[in-house]
Amino acid sequence: MATADKQSLGDSIAPTPDRRRFLARAGAGAAALAGASAWAQGKPPLGPPSTVTTPPRDFGPGAPPTTYFWDPDVIAVDPSFNDLAQPNASIQRLWTGAGWAEGPAWNSVGKFLLWSDIPADRQHRWIEDDGHVSVFRSPSNNSNGNCFDYQGRQISCEHLTRRVVRYELDGSTTILADRWNGKRLNSPNDAVPHSDGSIWFTDPPYGAQLYEGTPDPAGGKSNRAGRLNNRIGQPPGVSDARQELPTQVYRWDPSGRLDVVIADDKVPNPNGLCFSPDFKKLYVASTGPAGKGDIHVLDVGADNKLSNQRVFSDCMVDGVKCGPDGLRADVFGNIWSASNAGRAVGYNGVTVWNPEGKLIGRIRLPEVCGNLTFGGPKRNRLFMIASQSVYAVYTATQGASPS
């Protein structure tokens, strides 16, 4: 049985008043009895296993319980997080087996979670009623980010074809954007819907990786020496485009107009993005070798012009860089960010920031987390897409908008 280290025990969330205090006392009594029994056997008291225990926690469906009251990997950095996390709710691994999972989106009508497996060139679907997982779309053109707009239509960002598409309710497909000023987009990454019908999306260069799409033709930015054959395994002509544009953030208008809203020199390698609940702020993550590994926030004007850019968070936690990726806001304006801390075990997962940019909570996962979204019938379940797997945990808040 795993022994919890000081960080696991010290970081556990403390319950809040009323009913939680009663449950906490009951939980404390049970823990005390367990501890007394352990001491009677000459062993130290045991705590629930977590991602940082030895051996580490088992997330499998047949694993023993890990949650006595609060999940040991749901951590309140600030007491205010106690009102957002859900007591008794454990982190669950729903599925594993992706090459690199990305782009979660919740379909409220069908009650299913959709996500991309970029290198496998397909999309998967997890159905809430029985937990069944199936291939939803194949091929997917190495799709990355997905979302559903306010009319329930699926929006997908495609690496291979360097475009943003909308799947219509009648089964047809509409290309929303594939060029700006006559030049091909790089590899649209993440997209969010606005209540005015527009779609905002980021366009970093990650689709030019061999693993996640196709490299440029010989001499292009991702294939300078020309040693990679960009046509292997691809349909004729589809991989012949090369990076022509800087990495930018765009707004697609229902009229068909495409505008740059954030230039490359403002937020290099923009990746995840989300709006505040009132749509008056836009949050954008800057990622990758050319990025800054931080989150920026900008004010959104009545004319959709952005201003007053500032750093929302540098994403440093205990001296560890918890690189952001996917972002989501809850109804209280808190920002939930995927965390990529690389080999820093215990810092991969999710970081949660209040509207002032203060770290208030963390969720530890055993894999790098690339993206996340709120879903479930009440939109109070956080789905976390982490490397090869899909995790979920119930919260005491709700996502601010369709995902």
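For every chain, the first residue of its written sequence is number 1, and the numbers climb from 1 along that sequence. Since the coordinates come from a predicted model, pLDDT governs what is reported: local features require at least 70, and pairs of side-chain atoms require 80 or more to be given and counted, while whole-chain, interface and lining totals use all residues. No hydrogens and no water enter the side-chain calculation; it runs on all heavy atoms of the structure.

A short note on the pairing of strand 26 (residues 359-364)
Residue burial is assigned from relative accessible area. The probe radius is 1.4 Å, only protein chains are included, and a residue is buried under 20% of its type maximum, exposed over 50%, and partly exposed in between. Elements are defined by DSSP. Helices are runs of H or I of four residues or more, strands are runs of E of two residues or more, and each kind is numbered from the N terminus. Most of strand 26 is tucked away: six of the six residues are buried. As defined by bridge partners, strand 1 (residues 74-76) adjoins strand 26 across three bridges and the pair is classed as antiparallel. Looking across to strand 26, one finds that alanine 76 is bridged to glycine 361. Relative to strand 26, strand 25 (residues 349-353) runs antiparallel, the two being bridged by five bridges. The partner of valine 352 across the bridge, within strand 26, is glycine 361. The pairing criterion for strands is at least two bridges between them, as found by DSSP. Hairpin remark: strand 25 followed by strand 26, antiparallel, with five residues in the connecting loop; positive phi at glycine 357, about 85°.

Some points on the sheet that holds strand 14 (residues 199-203)
Each strand in a sheet pairs with its neighbour through backbone hydrogen bonds, running either in the same direction (parallel) or in the opposite one (antiparallel). Ordered in space as 13-14-15-16, the four strands form an open sheet in which the pairing is antiparallel. Each edge of the sheet is formed by a strand with only one pairing partner; in this case those strands are strand 13 (191-193) and strand 16 (258-262). The sheet shows a mean angle of 25° between the axes of neighbouring strands, direction not considered. Summarising the sheet, strand 15 (residues 248-252) and strand 16 pair through four bridges and their orientation is antiparallel. The residue bridging tyrosine 250 from the neighbouring strand is valine 260, located in strand 16. Convention adopted: a line fitted to C-alpha atoms gives each axis, helices being fitted over their contacting stretch, and angles between N-to-C directions are expressed from 0 to 180 degrees.

Some thoughts on the packing of aromatic side chains
The geometry of an aromatic ring pair is captured by two quantities: the separation of the ring centres and the angle between the planes. By convention, a stacked pair of Phe, Tyr or Trp rings (six-membered ring in the case of Trp) has centres within 6.5 Å and planes under 30 degrees apart, an edge-to-face pair has planes over 60 apart, and any other such pair is tilted. Taken as a whole and assessed by the stated rule, the structure comprises 14 aromatic pairs. With 5.6 Å between their ring centres and 80° between their planes, phenylalanine 69 and tryptophan 70 make a pair best called edge-to-face. Residue classification places phenylalanine 69 among the buried positions, given a relative accessible area of 12%. On the basis of relative accessible area, tryptophan 70 is assigned to the buried category, the value being 7%. Note on phenylalanine 81 and tryptophan 336: the rings are 5.9 Å apart at their centroids and 50° apart in plane angle, and the pair reads as tilted. Placement of phenylalanine 81 in the loop between strand 1 and strand 2 (92-96) and of tryptophan 336 in strand 24 (residues 335-340) is noted, with a sequence separation of 255 residues between them. Tryptophan 336 sits in the buried class, given a relative accessible area of 1%. Of the aromatic side chains, those joined through ring pairs into one cluster are Phe81, Trp336 and Phe374. Charge-over-ring placement is defined geometrically: NZ (Lys) or CZ (Arg) within 6 Å of the ring centre, and within 35 degrees of the ring normal. The cationic tip of arginine 125 hangs over the ring face of phenylalanine 112; the distance from NZ or CZ to the ring centre is 5.5 Å. Taking the ring centre of tyrosine 167 as reference, the NZ or CZ of arginine 137 above it sits at 3.6 Å.

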